[in-house]
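Examining the three-dimensional arrangement
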Amino acid sequence: LAINENLPDEWVNVLLMATDSRDIAKNNGRTDVMIVASVNPSTGEIKLSSFARDMYLTLPNGAGGNRINAAYSFGGPLLALKTVNETFELNCQYYAVVNFKSMAAIVDALGGVDIELQGLEYYYINYNVAVSEDYEGFPKSKTRRVLTEADAGVSVHLDGLQAVSYARIRKLDNDIQRGSRQRILLQALLNKMMENITPSTLMSLAVTLIPNTSTNLDVPTILQLGTKFLAAGDFSLSEFSVPIE
């Protein structure tokens, strides 16, 4: 995996990916989302670093030159890990992968999220929801509210499909802003999770969420990291993106 042994041991780096594959059990598709979550369980610090999906580089194992999001389609999560480690001198050993449907299920399992929408984001959420319902097999919902111009500039409660539709917005601006939305969504999920979290609810949450991910993190490791994280008390989150804005 081209692990960089010179990085500090107190930080755990996990590669978070979201694919355009319709089957979470298969290692195929391209990773529209690649974020390294750097977690310090002792201090509660979390750093989210996004990689723009269209960065062109040389993939390991003779895969040749291509966009960074193609690594997963050529060699699954392990080639994606090696690509990130080799290119950016990191030490990611763990990964977690979701697709559109499993990410929506995770958001719904947490009861939805609250995100402050900007500009025309409300319009593109509605657009992406309609595409998902008409062409991607998502069921229509009678309780899902159609967003309006009045939702711009205010905090809005989004269900799972709306949250995924928010993270998929790219026609409004650019891929760097898309990465920012994805980090905003992760922070909103973390805020929601931390509202009433205890070691017992953490266990229940892990059991609920793991079936919706493909990961090499097992439940004991997740609970070990999570328990240390909870013991640290409050948490802080910082963001970074490559290329830099």
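Cut-offs and rules
- Residues numbered from 1 in each chain as written.
- Predicted model: local features only at pLDDT ≥ 70, side-chain atom pairs only at ≥ 80, totals over all residues.
- Heavy atoms only, no water.
- Helix = DSSP H or I, 4+ residues; strand = E, 2+ residues; numbered from the N terminus.
- Rg over C-alpha atoms; globule rule 2.2 N^0.38 Å.
- Buried < 20%, exposed > 50% of the residue type's maximum accessible area, 1.4 Å probe, protein only.
- Contact = heavy atoms within 4.5 Å.
- Lys, Arg positive; Asp, Glu negative; His and termini not counted.
- Charge placed at Lys NZ, Arg CZ, Asp CG, Glu CD.
- Axes fitted to C-alpha atoms, helices over the stretch in contact; angles between N-to-C directions.
- Parallel < 35°, antiparallel > 145°, perpendicular 65-115°, else oblique.
- Left-handed = near helix turned anticlockwise from the far one by under 90°.
- Nonpolar A, V, L, I, M, F, W, Y, C, P; charged D, E, K, R; others polar.
- Pairing = 2+ DSSP bridges.

**Describing the overall build of the chain**
- Each helix and strand counted, the chain has seven helices and 10 strands in total.
- Radius of gyration (C-alpha) of the chain: 18 Å, near the 18 Å computed for a compact globule of 245 residues.
- For the C-alpha atoms alone, the extent of the chain along its principal axes is close to 50 × 45 × 35 Å.
- Looking at the chain residue by residue over its 245 residues, the buried ones come to 48%.
- A separation of at least 24 residues holds for 69% of the contacts in the chain among residues at least 6 apart in sequence.
- Positive and negative side-chain charges of the chain, numbering 20 and 27 respectively, have mean locations separated by a distance of 8 Å.

**Some words on the packing of helix H2 (residues 100-109) against helix H4 (residues 160-167)**
- Close contact between H2 and H4 brings their axes to 7 Å; oriented N to C, the two are set at 125°. Of the possible angle classes, the one that applies to H2 and H4 is oblique. Here H2 runs over H4; the crossing is right-handed. Across the interface between the two elements, Phe 100, Met 103, Ala 104, Val 107 and Asp 108 of H2 pack against Gly 160, Leu 161, Ala 163 and Val 164 of H4.
- Grouping the constituent residues of the contact of H2 with H4 by class yields seven nonpolar, one polar and one charged.

**Examining the sheet that holds strand E1 (residues 12-19)**
- One open sheet accounts for six strands, arranged E9-E6-E1-E2-E3-E10; its pairing is mixed. Both outer strands of the open sheet, strand E9 (214-215) and strand E10 (236-242), are each paired with one neighbouring strand and no more.
- With two bridges connecting them, strand E6 (residues 94-98) and E9 associate as antiparallel partners. Each residue of the ladder has a partner; that of Ala 96, found in E9, is Thr 215.

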